[in-house]
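# Fold and contact review
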Amino acid sequence: MQIDKDILHFFIKQDSVVVSTIDPQGRIHCSVKGIVGGRENDKIFLIDLYLRQTFQNLKKNPTISIAAVDEHLFKGYALQGTAEIIPRDKIHQ
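In this text the structure is predicted, and so the values were computed from the model without any measurement.

Core analysis: the biggest nonpolar cluster contains 13 residues, and Phe 11, Val 17 and Ile 44 have the highest contact counts within it. Elements represented by at least two residues in this core include exactly helix H1 (5–13), strand E1 (16–22) and strand E4 (63–70). Tallying contributions element by element places H1 first for this core, with four residues.

Here it is, written out as structure tokens:
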């Protein structure tokens, strides 16, 4: 699914986003993550420094929601979809 370019740019401009995943018991887990970039129309890249609950949840269930808000503009978006974990050694510049 393609992401509207204005929405993608909105996300990339944010310092952080709220990432929601589903734990093994079916409960929602929310965590703040940093955005490191995007690929035009289809991907947003996040960094997870600690590899704890969010990482464990995504390994078992890739369902994800990412929400960003600009409180000065009173504007925000939420994207839903599936995540892919990219190992550190597979990340290129």
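Taken as a whole, this structure holds two salt bridges when the rule is applied. With a shortest N-O distance of 2.9 Å, Arg 27 and Asp 23 are connected by a salt bridge. Classification of Asp 23 by relative accessible area gives buried; the value is 10%. Between Lys 33 and Asp 48 there is a salt bridge; the shortest N-O distance is 3.0 Å. Remark: Asp 48 occurs in the loop between strand E3 (43–47) and helix H2 (53–60) and Lys 33 occurs in strand E2 (residues 28–39); sequence separation between them is 15 residues. Overall, the relative accessible area of 11% leaves Lys 33 in the buried class.

Before going further, it helps to examine the side chain of Thr 54. Structurally, Thr 54 can be placed in helix H2. Taking the relative accessible area as the measure of exposure, Thr 54 reaches 4% and is therefore buried. Apart from residues no more than four positions distant in its own chain, Thr 54 is found in contact with Val 19, Thr 21, His 29, Ser 31, Lys 33 and Asp 48.

Cut-off values and rules
Residues numbered from 1 in each chain as written. Predicted model: local features only at pLDDT ≥ 70, side-chain atom pairs only at ≥ 80, totals over all residues. Heavy atoms only, no water. Core = buried A, V, L, I, M, F, W, Y, C linked by side-chain atoms within 4.5 Å. Buried < 20%, exposed > 50% of the residue type's maximum accessible area, 1.4 Å probe, protein only. Helix = DSSP H or I, 4+ residues; strand = E, 2+ residues; numbered from the N terminus. Salt bridge = Lys/Arg side-chain N within 4 Å of Asp/Glu carboxyl O. Contact = heavy atoms within 4.5 Å.

Function cannot be inferred from these measures alone, as they are strictly geometric.
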